[in-house]
Amino acid sequence: MSEPASLLEGINARIAQAAKIARRDVSEITLIAVSKTHPVERIAPLIAAGQRVFGENRVQEAQEKWPALRDANPDIALHLIGQLQSNKADEAVALFDCIHSLDRSSLVAALAKAMDKAGRQVPCFVQVNIGAEEQKGGCAIADLPTLLAEARAANIPLAGLMCVPPFGIEPAPFFALLDKLAEDHGLAGRSMGMSDDFETAIMLGATHVRVGSALFGARG
Ligand SMILES: *Cc1c(COP(=O)(O)O)cnc(C)c1O
């Protein structure tokens, strides 16, 4: 087996094991292979090994890498996991099947307009700044009810909530908090967990885990 195929098999086995321990159905959990910074030649073997959901964090990089790969594999789903500028909303709606970084009113307006124009509804996760960090993307927990109401009023399909916990400390309390917020707001999806902590996230309700370096190796 090729290296990417065996790495993918290993991650899928760990996801299945975590789901089993958590008494969850593994089909509830989607692995997003985060291919940011990695070239097409590194991505193609994972597609060949059966992976179909990928994540990128920059619109321009995704535009450069993905059109040819998707023409050859129409069943691929591409998720935007990085911050989105309002002036890129049209491009994001055209290219991505899901957006994980809806975090402010101005972006609700821009995405609603872009979806109307394109006649294409793209499910969105609302990103929450779960550790109340100064520099981090995501809406403040206090602003979440208003932002969700605005997104619902604008007919943006809401997939759930997303977070990136503070770096270097135990993430479990932050995952538990995101899970509770999603439940309180009647949202099904929880996009949480990365290479170092996706099993913990699955224990605490993750429906989408975003795994990069554990699948691709360190980023160049
Ligand atoms: C890069 C990135 C990931 C993947 O991180 P790894 O630690 O490489 O698994 C997940 N989520 C977001 C938002 C990212 O930017």
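Below you will find a few notes about this structure. (Residues numbered from 1 in each chain as written. Predicted model: local features only at pLDDT ≥ 70, side-chain atom pairs only at ≥ 80, totals over all residues. Heavy atoms only, no water.)

1. Some details on the overall build of the protein chain
In step 1: The helix and strand inventory of the protein chain stands at nine helices and eight strands.
In step 2: Taking 17 Å as the expected radius of gyration for a compact globule of 220 residues, we find that the protein chain reaches 17 Å, a close match to that expectation.
In step 3: Here the C-alpha coordinates of the protein chain stretch approximately 50 × 40 × 30 Å along the principal axes.
In step 4: Long-range contacts, defined here as pairs at least 24 residues apart, represent 59% of the contacts in the protein chain between residues at least 6 apart.
In step 5: For the protein chain, the exposed surface amounts to about 10200 Å²; the carbon and sulfur share of it is 52%.
In step 6: Across the protein chain, the centroid of the 21 positively charged side chains sits 1 Å from that of the 26 negatively charged ones. (Helix = DSSP H or I, 4+ residues; strand = E, 2+ residues; numbered from the N terminus. Rg over C-alpha atoms; globule rule 2.2 N^0.38 Å. Contact = heavy atoms within 4.5 Å. Areas by Shrake-Rupley, 256 points an atom, 1.4 Å probe, with all protein chains shown as cover. Lys, Arg positive; Asp, Glu negative; His and termini not counted. Charge placed at Lys NZ, Arg CZ, Asp CG, Glu CD.)

2. A look at the pattern of salt bridges
In step 1: Applying the stated criterion across every chain, the model contains 13 salt bridges.
In step 2: Across the pair Glu-199 and Arg-14 runs a salt bridge whose closest N-O atoms are separated by 2.9 Å. Of this pair, Glu-199 sits in helix α8 (residues 198-203) while Arg-14 sits in helix α1 (residues 3-21), and the two are 185 residues apart along the sequence.
In step 3: The class of Glu-199 is partly exposed, set by a relative accessible area of 27%.
In step 4: For Arg-14, a relative accessible area of 34% translates into the label partly exposed.
In step 5: For Glu-61, the salt bridge goes to Lys-65, with nearest N and O atoms at 2.8 Å. With Glu-61 and Lys-65 both in helix α3 (residues 59-72), this residue pair falls four residues apart, about one helical turn.
In step 6: With a relative accessible area of 12%, Glu-61 lands in the buried category.
In step 7: Put simply, Glu-56, Arg-58, Glu-61 and Lys-65 are held in one network by salt bridges that share partners. (Salt bridge = Lys/Arg side-chain N within 4 Å of Asp/Glu carboxyl O. Buried < 20%, exposed > 50% of the residue type's maximum accessible area, 1.4 Å probe, protein only.)

3. Description of the packing of aromatic side chains
In step 1: In the structure shown here, the tally under the stated rule is one aromatic pair.
In step 2: Centroid distance Phe-54 to Trp-66: 5.0 Å. Interplanar angle 45°. Geometry classified as tilted. In this pair, Phe-54 sits in strand β2 (residues 53-56) while Trp-66 sits in helix α3, placing the two residues 12 residues apart along the sequence. (Phe/Tyr/Trp six-rings, centres within 6.5 Å; stacked < 30°, edge-to-face > 60°.)

4. A word on the nonpolar core
In step 1: In terms of nonpolar packing, the biggest core is built from 62 residues, with Phe-54, Leu-111 and Leu-161 touching the most fellow members.
In step 2: A per-element tally of this core places helix α5 (residues 105-118) first, with seven residues.
In step 3: Other than its neighbours up to four places away in sequence, Leu-111 contacts Leu-84, Ala-89, Val-93, Ile-99, Leu-102, Cys-124 and Ile-156. (Core = buried A, V, L, I, M, F, W, Y, C linked by side-chain atoms within 4.5 Å.)

5. Some details on the environment of Glu-64
In step 1: Of note, Glu-64 is situated in helix α3.
In step 2: For Glu-64, a relative accessible area of 58% corresponds to the exposed category.
In step 3: In sequence terms Glu-64 and Val-40 are 24 residues apart; their C-alpha atoms lie 9.6 Å from each other.

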